[in-house]
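Next come the chains, spelled out residue by residue.
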Amino acid sequence: MSLLEVDHVVVQFGGVTAVNEAAFSADAGRVTGLIGPNGAGKTTCFNVISGLQKPTRGKVWYDGKNISRVPVHRRSKRGIGRTFQRLEAFGSLTVRENVRVAHDIAAGSRGLLHRGARDVDILLERVGIAAYAEERADSIPTGTARLLELARCLASEPRLLLLDEPSSGLDETETDAFGELLRDLAADGVGILMVEHDMDLVMAVCDEIHVLDFGSVIASGTPGQIRTDPLVQKAYLGYSDDAPEPARRAATGDEMDQTMVMAPIGGTPS
Ligand SMILES: Nc1ncnc2c1ncn2[C@@H]1O[C@H](COP(=O)(O)OP(=O)(O)O)[C@@H](O)[C@H]1O
Ligand SMILES: [Mg+2]
């Protein structure tokens, strides 16, 4: 069994079926991508996995156990870590203090002794934001703030890391470094499940990709398989720059997604 198994999950909001019998998995030591057009149900799946959203039907299995009824804080204690599309750091604290707080909360909740300031600095170094350690979190660029979110999340040493749009706000160099960091974390045994719109990043770092459309998984496979899958190409058709977004997609509750344009698979030829 995989580290994470999403087992035919259904989520209905009134008349809207946001997730429709979605079934997919994510393994330890691998980077798994969850992609799909705006409104496909990706964030709702993350909410179900982390415990913020109760599924209408279906189950979530983690580490061989059915965690469908386990509350959010227990899931995080068991090693499910998550970053959000919106940023959550304490603005008036410095970057280092933010990571320190996350560190101490994680250590406290497990009854461990404090890990030292050195561990915090190693973490800042690892995600590539050591140069910002003394800056207030509300004064750093968006890309850096996103990496700070990741550092805060990593402070709890997750076994499963859920990343929702982690590369938005990162420039090209930062995105490359970020991709390497994900591969590094996977090599350490962390299971990573990532929702991401940057197809170049997805294709470069993922071992496996699941594609959601209208709440259902329409394809699963390696980047090579997904790139050439006819169902996937059809699902993405019409979401490029020059095509208007159909109304059914515009109803997403997610502000950030509405401003984002899905690039065609394989990127635009330049
Ligand atoms: N809290 C909510 N209440 C009602 N509808 C929602 C809610 N959250 C999401 N939805 C709807 O569920 C569908 C999937 O949304 P979401 O999971 O945010 O998609 P994605 O992250 O793939 O863009 C959309 O149609 C969205 O409008
Ligand atoms: Mg989303």
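Quick summary incoming for the structure in this document. (Residues numbered from 1 in each chain as written. Chains lettered and ligands numbered in written order. Predicted model: local features only at pLDDT ≥ 70, side-chain atom pairs only at ≥ 80, totals over all residues.)

### What about helix α4 (residues 117-127)?
Basically, it comes down to this: Buried residues are those with 20 or more other C-beta atoms within 10 Å of their own C-beta, exposed residues have 12 or fewer, and partly exposed residues lie in between; C-beta atoms are placed from the backbone. Working definition: helices are DSSP H or I runs of at least four residues, strands are E runs of at least two. Numbering for both runs from the N terminus. This arc is taken over the directions from the axis of the helix to the C-beta atoms.
When α4 is considered as a whole, its buried residues turn out to be Val120, Leu123, Leu124 and Val127. Buried residues of α4 fall within an arc of 100 degrees about the axis and therefore sit on the same side. In this structure, α4 carries Arg118 and Ile122 as exposed residues pointing more than 90 degrees from its buried face. In the segment just after α4, glycine 128 is the residue with positive phi, at about 85 degrees.

### Concerning the pairing of strand β1 (residues 4-13)
Rule in force here: For two strands to pair, DSSP has to find at least two bridges joining them.
By the bridge criterion, 7 bridges tie β1 to strand β2 (residues 16-26) in an arrangement that is antiparallel. Bridge pairing in β2 links glutamine 12 to threonine 17. Hairpin connection, β1 to β2: the antiparallel pair is bridged by 2 residues, and glycine 14 has positive phi, about 55 degrees. Strand direction decides the pairing type here: β1 and strand β4 (residues 57-62), joined by 5 bridges, are antiparallel. In the strand pairing of β4, valine 10 is matched with arginine 57.

### Considering the pairing of strand β8 (residues 191-195)
Here β8 lies mainly inside the structure; 5 of its 5 residues are buried. On β8, burial covers both faces: Gly191, Leu193 and Val195 on one face and Ile192 and Met194 on the other are all buried. Alignment of strand β3 (residues 31-35) against β8, held across 4 bridges, turns out to be parallel. Among the inter-strand pairings, valine 31 is bridged to a residue of β8, identified as isoleucine 192.

### Quick look at the sheet that holds strand β5 (residues 65-66)
So the rule is basically this: Any pair of residues counts as being in contact when their C-beta atoms, constructed from backbone geometry, are within 7 Å of one another. Working convention: axes come from line fits to C-alpha atoms, limited for helices to the stretch in contact. Angles between N-to-C directions cover 0 to 180 degrees.
Taken in spatial order, the 4 strands make up an open sheet running β2-β1-β4-β5, and their pairing is antiparallel. Looking at which strands have only one partner, the edges of the open sheet turn out to be β2 and β5. Bridge count between β4 and β5: 2 bridges; the pairing is antiparallel. Residue pairing across strands places tryptophan 61 opposite asparagine 66, the latter belonging to β5. Across the sheet, helix α1 (residues 42-50) touches β1, β2 and β4, and the angle it forms with β1 is around 115 degrees.

### Some remarks on unusual backbone geometry
Look at aspartate 63: it is not a glycine, yet its phi comes out positive at around 55 degrees. Structurally, the position occupied by aspartate 63 is in the loop between β4 and β5. Within the chain, glutamate 157 stands out as a residue other than glycine whose phi angle is a positive 50 degrees. Inspection of the secondary structure assignment puts glutamate 157 in the loop between α5 (142-154) and β7 (160-164).

### What to know about the sheet that holds β7
Ordered by their spatial adjacency, 6 strands build an open sheet running β6-β7-β8-β3-β9-β10, and the pairing between neighbours is mixed. Edge positions in the open sheet fall to β6 (80-83) and β10 (216-221), since each of these has one partner strand only. Strand-to-strand twist in this sheet, taken as the mean axis angle between neighbours without regard to direction, amounts to 20 degrees. Looking at chain direction, β3 and strand β9 (residues 208-213) are connected through 4 bridges and run parallel. Along β9, the bridge assignment pairs threonine 32 with glutamate 208.

### Observations concerning the packing of α4 against α5
What counts, and what does not: Here the word oblique covers every angle except those under 35 degrees (roughly parallel), over 145 (roughly antiparallel) and from 65 to 115 (roughly perpendicular). By convention the crossing between two helices is left-handed if the near helix lies anticlockwise of the far one by an angle smaller than a right angle, and right-handed if it lies clockwise. Note on residue classes: Ala, Val, Leu, Ile, Met, Phe, Trp, Tyr, Cys and Pro are nonpolar, Asp, Glu, Lys and Arg are charged, and everything else, Gly too, is polar.
Contact geometry for α4 and α5: axes closest at 10 Å, N-to-C directions at 135 degrees. Between α4 and α5, the angle is such that the two are oblique. Where α4 crosses over α5, the handedness of that crossing is right-handed. Residue-level contacts link Leu123, Leu124 and Val127 of α4 to Leu147, Leu150, Ala151 and Leu154 of α5. Residue composition of the contact of α4 with α5, by class: 7 nonpolar, no polar and no charged.

### Some points on the nonpolar core
The line we're drawing: The nonpolar core criterion groups buried Ala, Val, Leu, Ile, Met, Phe, Trp, Tyr and Cys residues into a set whenever they are joined through C-beta atoms within 7 Å. Domain segmentation is taken from an automatic or database assignment of domains.
Judged by nonpolar contacts, the single largest core of 69 residues is most densely connected at Ile49, Ala151, Leu160 and Ile192. Take this core: its biggest share by element is 7 residues, from α5. Looking at this core, you find at least three residues from each of domain 1 (26-54 + 67-79 + 162-264) and domain 2 (89-157). If we ignore the near neighbours within four places in the chain, the residues touching alanine 151 are Val99, Leu123, Leu124, Val127 and Ile129.

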